[in-house]
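Architecture at a glance
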Amino acid sequence: MSHPTSIRLTVAQALVRFLSAQYTERDGVRRRLIAGTWGIFGHGNVAGVGQALLEAGEDAMPYHQGRNEQAMVHAAVGYARQLNRLSAQAVTTSIGPGATNLVTGAALATINRLPVLLLPGDYFATRPADPLLQQLEHPTEADVSVNDTLRPVSRYFDRVTRPEALIPSALQAMRVLADPAETGAVTLALPQDVQAEAFDWPEEFFAERVWHVRRPAPDPVELAAAVQAIRAASRPLIVAGGGIHHSEAEEALKALVDATGIPVASTQAGKGSLRHDHPADLGGIGHTGTAASDDLARTADLIIGVGTRYTDFTTASGTLFQHPDVRFLNLNITAFDAHKLAARTLVCDARAGLEALARALEGHRVDSPYETEYRAGKERWEQIVEAVYRADDDSAVPTQTQLLGALDAVVGDDDVVINAAGSLPGDLHKLWRARGPRQYHLEYGYSCMGYEIPAAIGVQQAAPDTPVWALVGDGTYLMMPTEIVTAVQEGLPVNMVLIQNHGYASIGGLSETVGGERFGTAYRHRAADGTFTGAPLPVDLAANAASLGMDVLRAKTVRELREALATARASDRPTCVYVETDPTPTAPPAEAWWDVPVAEVASREAAAGARQTYEREAATRRRHL
Ligand SMILES: Cc1ncc(C[n+]2csc(CCOP(=O)(O)OP(=O)(O)O)c2C)c(N)n1
Ligand SMILES: [Mg+2]
């Protein structure tokens, strides 16, 4: 018997209806919390969530068709990042392989603290005929399904085995997605029989709900201690992390820096927090950082980490901060990150914290010789960037840094440049001149090859009028070109710069420094001696991109590259600029170490030599307590 205020729907229909009524709000701006749903259908969601999406219609819940489940998560992550985590997307999959394809995307989302709602189909809750197609039968734990692989990579996981359990579970899922400290991948595994089951839902379950995205203020005691530490420091350095963007704290950072003269070095996620031409912006920090940042990091007595997780790239694997009395002050919305490196903590929203610091530090400024010193370092680095960007011969094959110079010349302040893996993250972190705060979109928490193209789709969905660029190496392209089809289908004019250098330039270079002799890093035919040292493989990736529906411009010289980039930017179609680069490495070498352990014993000379260097570097590691 139905309750008078109840609505009879299947679990899947109820979930879609519930999701279409959820909103976030921050600073008075309201957005859909789940703005759309990506899906690939098979058994496990075709008759459940698939039917529910059809019934709901595009107005209530826009549907996007992907080609690969991992890629759909990447697209959703790109979307959420572009909107500062105030809006997210859901991803529905079939049972088994469709579901486990989510794992990589989920890890990426959770590591980068970006929200995505995952809705994998799951085995029957009622177990009428196990094993069903694609079921893993665990011999001793009957309730284990392949979806349990999503537990360690999800910030919230539930398997909804009864209809009424959806109510608390869906509410908890929204709480986590909208929580600035908790957010990441959220998984609701949905047994396929339960998805199709009808239930009488209380009407209130479908009422509009607004999830306020809070900005926790700093604790007065922590704030006082932080202010004291900054006043006492003679060489303070801000490490700007991704939390500044998530919190939309760029203006607050600039105000603090303008008032105090404290310089800013940025992580991959934080780059663009200050415009590149601000006198206190020193660019990237750490293993892929600039000399301006890393020289200062070595001699700074107070590191002020704002919204950073302090990865090994940032700390140069624990070797970067070498001042004998260096101390850390961490402003972070998660206590977990704030406490890293035995820091003084300021656990709060980045914008709220930076504004409070600026107020409390009024009248305080770093010594002028310190300012003169870092400004000179910045100027020296800018000359290095100019030199590697410049191409004196227009008719030559471009190097990778000349390619970045050409792109730098064509983009506007709002263009978004996306990359995640290969040799580009290092080159971009060192060289890119970030203008707008959303421009530099590097996924370097998971550094996942294949993120770029689907992420460009998500970014373009979030910012329809903004030119979006996926920068893609040949190895990365081969990992996941599939979503080109999706960009074509959705009519999204994303640009892709496809860089052909016949393999893994990045890992090849790394391999050489760690005694690996470039083993397995080039895309070449097997030679007579059985090794992959023959001719380059005869692939034509430009033709491949064209076959998937992109417009393709092949650029052979610097001049053709400049023209192709401008044409791509002006086009309203998905466009690929394909370029074979001169492999001569032209990017400045690393300013700081990165720990990749080298064989302690080896018969080959290369590894033995590399081990000596390794031990010398490892000896400089510090434990900050
Ligand atoms: C999914 C995934 N697999 C493996 C790696 C390790 N990895 C990092 S960079 C790289 C090679 C990238 O090659 P390409 O895209 O051609 O860029 P290039 O190094 O040539 O600049 C590999 C294999 C990774 N980051 N992601
Ligand atoms: Mg390559």
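Above this text you will find the structure in question.
Description of the structure in this document. Everything numeric in this text was worked out from a predicted model, so none of it was measured.

1. A short note on the side chain of E483
Relative to the helices and strands, E483 resides in the loop between α19 (474-479) and α20 (484-490). There is a polar contact of 3.2 Å between the side chain of E483 and the backbone nitrogen of N68. Residues in contact with E483, not counting those within four places in the same chain, are G66, R67, N68, A71, I453, P454 and I457.

2. Structural notes on the coordination of the magnesium ion (ligand 2)
Surrounding the magnesium ion (ligand 2) are the protein donor atoms D474 (OD), N501 (OD1) and G503 (O), at 2.0 to 2.1 Å. We classify N501 as partly exposed; its relative accessible area is 21%. For G503, a relative accessible area of 7% corresponds to the buried category.

3. Some thoughts on the nonpolar core
One finds L237, L357 and W469 to be the most contacted residues of the largest nonpolar core, which totals 81 residues. Among the elements that make up this core, the one with the highest residue count is helix α15 (residues 368-389) (six residues). Grouped together as the second largest cluster of nonpolar side chains are 47 residues, W38, A185, A487 and C576 included.

4. Things to note about the packing of aromatic side chains
The full count for this structure, using the stated rule, is twelve aromatic pairs. Centre to centre, the rings of F199 and W201 are 4.8 Å apart; their planes meet at 70 degrees, and the pair counts as edge-to-face. Joined through ring pairs, the aromatic side chains of F18, F199, W201, F205 and F206 make up one cluster. Between R30 and the ring centre of Y23, over which it is positioned, the NZ or CZ distance is 4.1 Å.

5. Digging into the sheet that holds strand β17 (residues 344-347)
Adjacent strands of a sheet pair through backbone hydrogen bonds, lying either parallel or antiparallel. What the six strands build is an open sheet, ordered β14-β13-β12-β15-β16-β17; its pairing is parallel. Whereas interior strands pair on both sides, the edge strands pair on one side only; in this sheet they are β14 (281-284) and β17. Sheet twist, expressed as the average angle between the axes of neighbouring strands with direction ignored, equals 20 degrees. Here strand β12 (residues 236-240) pairs with strand β15 (residues 302-306) via five bridges, running parallel.

6. Details of the site of ligand 1
Around ligand 1, 16 residues are found, and the nearest of them are S423, S447, G475, T476 and S506. Between ligand 1 and the protein, one listed contact pairs a nitrogen atom with a backbone N or O atom of M449 at 3.2 Å. Measuring from an oxygen atom of ligand 1, one finds a side-chain N or O atom of S506 at 2.6 Å. Expressed as a share of its isolated accessible area of 590 Å², the protein-covered part of ligand 1 is 78%. Looking at the shell around ligand 1, the elements that each hand over two or more residues are α19 and α21 (505-513). A class-by-class count of the residues in the shell around ligand 1 yields six nonpolar, nine polar and one charged.

Definitions and cut-offs
- Sequence positions are assigned chain by chain, starting from 1 and proceeding in written order.
- Note on labels: chains are lettered from A, ligands numbered from 1, in written order.
- At least 70 in pLDDT is required for a residue's local features to be given in this predicted model, at least 80 for side-chain atom pairs to be given and counted, and no such filter applies to totals for whole chains, interfaces and linings, which use all residues.
- Each side-chain value is worked out from all heavy atoms of the structure, with water and hydrogens disregarded.
- Helix numbering and strand numbering both begin at the N terminus, where a helix is a DSSP run of H or I of at least 4 residues and a strand a DSSP run of E of at least 2.
- Definition of a polar contact: a pair of N or O atoms within 3.5 Å, with one able to donate and the other able to accept a hydrogen when the atoms are protein atoms, and with sequence-neighbouring residues admitted only if both atoms are side-chain atoms.
- Contacts: residue pairs with any heavy atoms within 4.5 Å of one another.
- Atoms of type N, O and S within 2.8 Å of a metal are treated as its donors, and for Na, K and Ca the window is 3.2 Å; water is not considered, so some sites may appear to be missing partners.
- Exposure classes here rest on a 1.4 Å probe applied to the protein chains alone. A residue is buried below 20% of its type maximum, exposed above 50%, and partly exposed in between.
- The term nonpolar core refers to a set of buried residues drawn from Ala, Val, Leu, Ile, Met, Phe, Trp, Tyr and Cys, joined through side-chain atoms within 4.5 Å.
- Between 30 and 60 degrees the pair is tilted, below 30 it is stacked and above 60 it is edge-to-face, where a pair is any two Phe, Tyr or Trp rings, Trp via its six-membered ring, whose centres lie within 6.5 Å.
- Charge over a ring is defined by NZ of Lys or CZ of Arg lying within 6 Å of the ring centre and within 35 degrees of the ring normal.
- DSSP bridges decide pairing: two strands pair if at least two such bridges lie between them.
- With axes taken as lines fitted to C-alpha atoms, and helix axes fitted only over the stretch in contact, angles between N-to-C directions fall between 0 and 180 degrees.
- Consider each residue's heavy atoms; a residue with any of them within 4 Å of a molecule or strand counts as near.
- Here, Shrake-Rupley sampling with a 1.4 Å probe gives the accessible areas, and only protein chains in the shown set may cover a residue.
- Each residue is assigned to one of three groups, with Ala, Val, Leu, Ile, Met, Phe, Trp, Tyr, Cys and Pro labelled nonpolar, Asp, Glu, Lys and Arg labelled charged, and all others, Gly among them, labelled polar.

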